[in-house]
Amino acid sequence: MRVVLLGPPGAGKGTHAVDLSKEYGIPHISTGDMLRAAVKAQTEIGIKAKGFMDKGELVPDAVVVSIIRERLAGKDCKNGFLLDGFPRNNAQAKMLDEMLAGIGAPVQAVVYLETSNATIIRRLTNRRVCKSCGATYNVLTMPPKKEGVCDLCGGALYQRTDDLESTIMNRLKVYADQTADLIDYYKKKGLLKVVNGDLDRSAAYKEFQKTLASIS
Ligand code: AP5
Ligand code: MG
Ligand code: ZN
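Residues numbered from 1 in each chain as written. Chains lettered and ligands numbered in written order. Predicted model: local features only at pLDDT ≥ 70, side-chain atom pairs only at ≥ 80, totals over all residues. Heavy atoms only, no water.

Undergrad: When you look at the overall build of the protein chain in this model, what are you seeing that I'm missing?
TA: If you tally the helices and strands in the protein chain, you get 9 helices and 8 strands. Taken over C-alpha atoms, the radius of gyration comes to 17 Å for the protein chain, in line with the 17 Å a tight globule of 216 residues would show. In terms of overall dimensions, the protein chain has a C-alpha envelope of 45 × 40 × 35 Å along the principal axes. Looking at the 216 residues of the protein chain, the share that counts as buried comes to 46%. (Helix = DSSP H or I, 4+ residues; strand = E, 2+ residues; numbered from the N terminus. Rg over C-alpha atoms; globule rule 2.2 N^0.38 Å. Buried < 20%, exposed > 50% of the residue type's maximum accessible area, 1.4 Å probe, protein only.)

Take a look at the structure:
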């Protein structure tokens, strides 16, 4: 199953992708997670990307596409993948189409998590992430058992540097200006499915399962 998760920051792409990846046995590929790992490791890509990410701007296409090209060539992608946060603009979407056409394995569905701005801001300002394993929590809706500590690995929780309210506003603008066009792009291709991102985690997940049931 080759699926793209599309939606604004805070829609729940990463949260649902973790669960879907377990259920369907396909890798969760998040360009945001990969870029944050590169920043942490201070690789050449990480050093290039950090400034863009801290401002909530998109990292240049060439950087992101090279990461994706390498990742999709991985053996674990043979049976499919869940793309989270890629593509993010028309140029990236076209490059993805070309890349996948080259191996005869096009995208089968694009799930758009339609989410209101009020939900987004409430979720992102309350998000916490594990420093060690990357697990995501929410102070309001998905708190860890012990405050500030990851349930899964005991690591310390932190707030992403781009989850400041001023940066969130810019990420929303970037989404509206550059990413939202992809809704139409995939609708025209007949690939778009919509899930209500405002629903709570389990209700939204059920919509995902229903939506993906028809895709092999
Ligand atoms: P990225 O990491 O992709 O960030 P984003 O798109 O802004 O999305 P988020 O990760 O913030 O939201 P999400 O939808 O995953 O929400 P989550 O599940 O965590 O990108 C970061 C940066 O990297 C970009 O700004 C850019 O600089 C760069 N970048 C990445 N990809 C790029 C690309 N392709 N091209 C160029 N640059 C790129 O949920 C949010 C919170 O809500 C959590 O606290 C969660 O616990 C909670 N929650 C989730 N779902 C629910 C629910 N249903 N009910 C209640 N709470 C919920
Ligand atoms: Mg995410
Ligand atoms: Zn952890």
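Undergrad: I keep staring at the coordination of the zinc ion (ligand 3) and nothing clicks. Help me out?
TA: Reference values for angles at a metal are 109.5 degrees in the four-donor tetrahedral case and 90 or 180 degrees in the six-donor octahedral case. Taken together, the protein donors to the zinc ion (ligand 3) comprise C130 (SG), C133 (SG), C150 (SG) and C153 (SG), at separations of 2.3 to 2.4 Å. One can describe the site at the zinc ion (ligand 3) as tetrahedral: its 4 donor atoms subtend angles covering 97 to 115° at the metal. Written as a sequence motif, the donor arrangement for the zinc ion (ligand 3) is C-x2-C-x16-C-x2-C. With a relative accessible area of 3%, C130 lands in the buried category. By relative accessible area, C133 is classed as partly exposed at 40%. (Donors = N, O, S within 2.8 Å, 3.2 Å for Na, K, Ca; no water. Tetrahedral: all angles 85-135°; square planar, octahedral: opposite > 155°, others 65-115°.)

Undergrad: Please clarify how the pattern of salt bridges should be interpreted in this entry.
TA: Opposite charge on two side chains makes pairing possible when the charged atoms of those side chains draw close. Enumeration according to the criterion identifies 10 salt bridges in this entry. D162 is paired through a salt bridge with R160; the nearest N and O atoms lie 3.0 Å apart. The burial state of D162 is the same as that of R160; both residues are buried. The residue D177 makes a salt bridge to K173 at a minimum N-O spacing of 2.7 Å. Here D177 pairs with K173, and both are found in helix α7 (residues 165-179), just 4 residues apart, close to one helical turn. On the accessibility criterion, D177 (47% relative accessible area) is partly exposed. When salt bridges with common partners are traced through the structure, they connect R127, R160, D162, D163 and R171 into a single cluster. (Salt bridge = Lys/Arg side-chain N within 4 Å of Asp/Glu carboxyl O.)

Undergrad: What is the right way to look at helix α6 (residues 117-125) in this model?
TA: An α-helical turn contains 3.6 residues, so any two residues separated by three or four positions project in the same direction. Among the residues making up α6, those that are buried are T119, I120 and L124. Along the axis of α6, the buried positions cluster into a sector of 115°, meaning they face one direction only. On its buried face, α6 is in contact with β5 (127-130) and α7. (Arc of directions from axis to C-beta. Contact = heavy atoms within 4.5 Å.)

Undergrad: Explanation requested: the site of ligand 1 in the structure shown.
TA: Neighbouring ligand 1 are 35 residues; T15, T31, E57, R127 and R171 lie closest to it. Between ligand 1 and the protein, one listed contact pairs an oxygen atom with a backbone N or O atom of G14 at 3.0 Å. Look at ligand 1: alone it shows 1000 Å² of surface, and the protein chains cover 97% of it. At the level of elements, α1 (13-24), α2 (31-41), α6 and β6 (136-138) are the ones that each hand at least two residues to the shell around ligand 1. Here the element with the most residues in the shell around ligand 1 is α2; it accounts for 4 residues. Residue composition of the shell around ligand 1, grouped by class: 13 nonpolar, 11 polar and 11 charged. (Near = heavy atom within 4 Å. Polar contact = N/O pair within 3.5 Å; in protein donor to acceptor, adjacent residues only side chain to side chain. Areas by Shrake-Rupley, 256 points an atom, 1.4 Å probe, with all protein chains shown as cover. Nonpolar A, V, L, I, M, F, W, Y, C, P; charged D, E, K, R; others polar.)

Undergrad: I would appreciate a short explanation of the packing of helix α5 (residues 90-102) against helix α8 (residues 181-188) in the present structure.
TA: Relative orientation and spacing of two packed helices are given, respectively, by the angle between their axes and the distance between those axes. Relative orientation of the contacting elements α5 and α8 amounts to 35°, with a least axis distance of 10 Å. Where α5 abuts α8, its residues N90, A93, K94, L96 and D97 lie against D181, L182, Y185 and Y186. (Axes fitted to C-alpha atoms, helices over the stretch in contact; angles between N-to-C directions.)

These figures come from the coordinates and say nothing about function on their own.
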